[in-house]
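In case you want the letters, here they are:
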Amino acid sequence: MDRPMTTHFISAEVDLHDTAEELHSAIEIELQKHGEPLRWAVTDVDVDRQKAVVEGYVLVEASPAKA
Amino acid sequence: VNPRPLTVVLIVPTGVGASIGGFAGDALPVARAIAQISDTLITHPNVLNGAQLYWPIPNALYVEGYALDKFAAGCWGLQPVHQNRIGLILDAGIEPDLQLRHLQAVDAARATLGLNITDCVLTDRPLQVELRISESGASWGTIGNPDSLLRAAEKLIKQARVEAIAVVARFPDDEGSLALENYRRGKGVDPLAGAEAVISHLVVRTFKIPCAHAPALSALPLDPHLSPRSAAEEIGYTFLPCVLAGLGKAPQLVAPENQQHNQLSITADQVDAVVIPATACGGSAILSLSGRSSVQIIAVGDNKTQMQATPEKLGIKALQVNSYLEAIGVLVAKRAGISPASLGADISSLRRLSD
């Protein structure tokens, strides 16, 4: 909490999965590449390409400064 | 034998331009109606908050969006309370007169509603909220100093032992913008809503405590063409009373290991139905709940949003209805143990499974 934090907006495409639960996990994994997911949603699905279009935002905590 | 209680989740996602519930607490009538035929209604601040206006619904649980996502995923349970001790965070970026307006709103809630609001903290830096609209048309925003927000919350929790937190952040006055003009006409997307969700999500995620947000804004000039859907935000100086009323009885958020010791806590496996705009099925809570066979997802067609995430596109099994009136009929049928299909003119033939 003493370290600076920033919030970032992320837009991504995630492969559709067989179940919604698997899609949920895949989205979280994708967003975690950018930070801690705070809020996200699938905004559309490209049915032909079987891709979910996802928008979300993540929290990024700055690394401790090196001495 | 006690019948199984009917537990319903009502979601109208924030900041996606929902034609019902995308403005000033204008899904509250829907919540009131659904609560009448539910034993427990679980819904969130965007549905219940009408700035100066709110309605106490005894069987409704006021659950912030991040907590609702965790609840739906089975990570957190909801523990009803009699009353929460509430703390207030004021953004240091709010002008002194506007701060005073909010402190007076808190005093009014203490004196007139009997709420237990005990302590107030000013953030150590301005939160610096900025507003954005995404490619999909949803509103969102960034906070320049999220660490300052979290330090203020930590102080309230550790020093004042508060059980719920109301945050008031200074939002940019957007006067003259097309987005605000549309919003006041009951059209388009609430430009503030996405950033509000970032603020409350940050606090709930970090401290697992009920939290809700009210923006601090300068009063707007009188508009004779104001939409009824937006009017609740223009009848006072702050948006805070509904937040304080909601947090006063918001359920505590409990981890699974603690739920076993408390039979009153509500968990995702008790949910019977979730009501959602048909184009906004792509959120975390719906994807989680759709994996539970006992949950009936009811997708409402005439609550339009900027999203395009329908149940069919996502492969989610849902019952599509046109309106909330129809959704309420489905819930009545479900409660009575009647298949909704048997209330229509055409009843399909029995399906014969192949060997």
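Residues numbered from 1 in each chain as written. Chains lettered and ligands numbered in written order. Predicted model: local features only at pLDDT ≥ 70, side-chain atom pairs only at ≥ 80, totals over all residues. Heavy atoms only, no water.

Peer 1: Explain the interface of chain B and chain A residue by residue, including any values.
Peer 2: Across the contact, 37 residues belong to chain B and 28 residues belong to chain A. Counting across the chain B and chain A interface gives two salt bridges. Of the charged contacts, one joins Glu36(A) and Arg205(B) as a salt bridge, the two residues approaching to 3.8 Å between their closest N and O atoms. Our count for the contact surface shared by chain B and chain A stands at 10 residue pairs in polar contact (both at pLDDT 80 or more). (Contact = heavy atoms within 4.5 Å. Salt bridge = Lys/Arg side-chain N within 4 Å of Asp/Glu carboxyl O. Polar contact = N/O pair within 3.5 Å; in protein donor to acceptor, adjacent residues only side chain to side chain.)

Peer 1: Tell me about helix α5 (residues 146-159) of chain B, and please be specific about residues and values.
Peer 2: In a regular helix each residue adds 1.5 Å, so 14 residues correspond to 20 Å; α5(B) covers 20 Å between its end C-alpha atoms and thus fits that length. Looking one or two places after α5(B), you find Arg161(B), whose phi comes out positive at around 55°. (Helix = DSSP H or I, 4+ residues; strand = E, 2+ residues; numbered from the N terminus. Expected span 1.5 Å × (residues − 1).)

Peer 1: Before we move on, can you summarise the sheet that holds strand β3 (residues 51-61) of chain A with the specific residues and values?
Peer 2: Residue and element names in this part refer to chain A. Strand order in the open sheet formed by three strands is β1-β3-β2, with antiparallel pairing between adjacent strands. On the outer flanks of this sheet lie β1 (5-15) and β2 (36-46), each paired with one strand and no other. Ignoring which end each strand starts from, the neighbouring axes of this sheet average 20° apart. Two strands pair when backbone bridges link them, and β2 and β3 are joined in this way by nine bridges, in the antiparallel orientation. (Pairing = 2+ DSSP bridges. Axes fitted to C-alpha atoms, helices over the stretch in contact; angles between N-to-C directions.)

Peer 1: Which residues make up the sheet that holds strand β5 (residues 86-90) of chain B, and what values go with them?
Peer 2: Residues and elements named next belong to chain B. With parallel pairing, the four strands of this open sheet are ordered in space as β6-β5-β9-β10. Each edge of the open sheet is held by one strand with a lone partner, namely β6 (117-122) and β10 (211-216). Across the sheet, the mean angle from the axis of one strand to that of its neighbour is 20°, orientation sign disregarded. Bridging between β5 and β6 involves five bridges; their strand directions are parallel. Bridge pairing in β6 links Leu 88 to Cys 120. This element, α5, spans β5, β6 and β9 (164-170) of the sheet and lies at about 150° to β5. Each of β5, β6, β9 and β10 is contacted by helix α8 (residues 240-248), which is oriented at about 165° to β9, the strand it contacts most.

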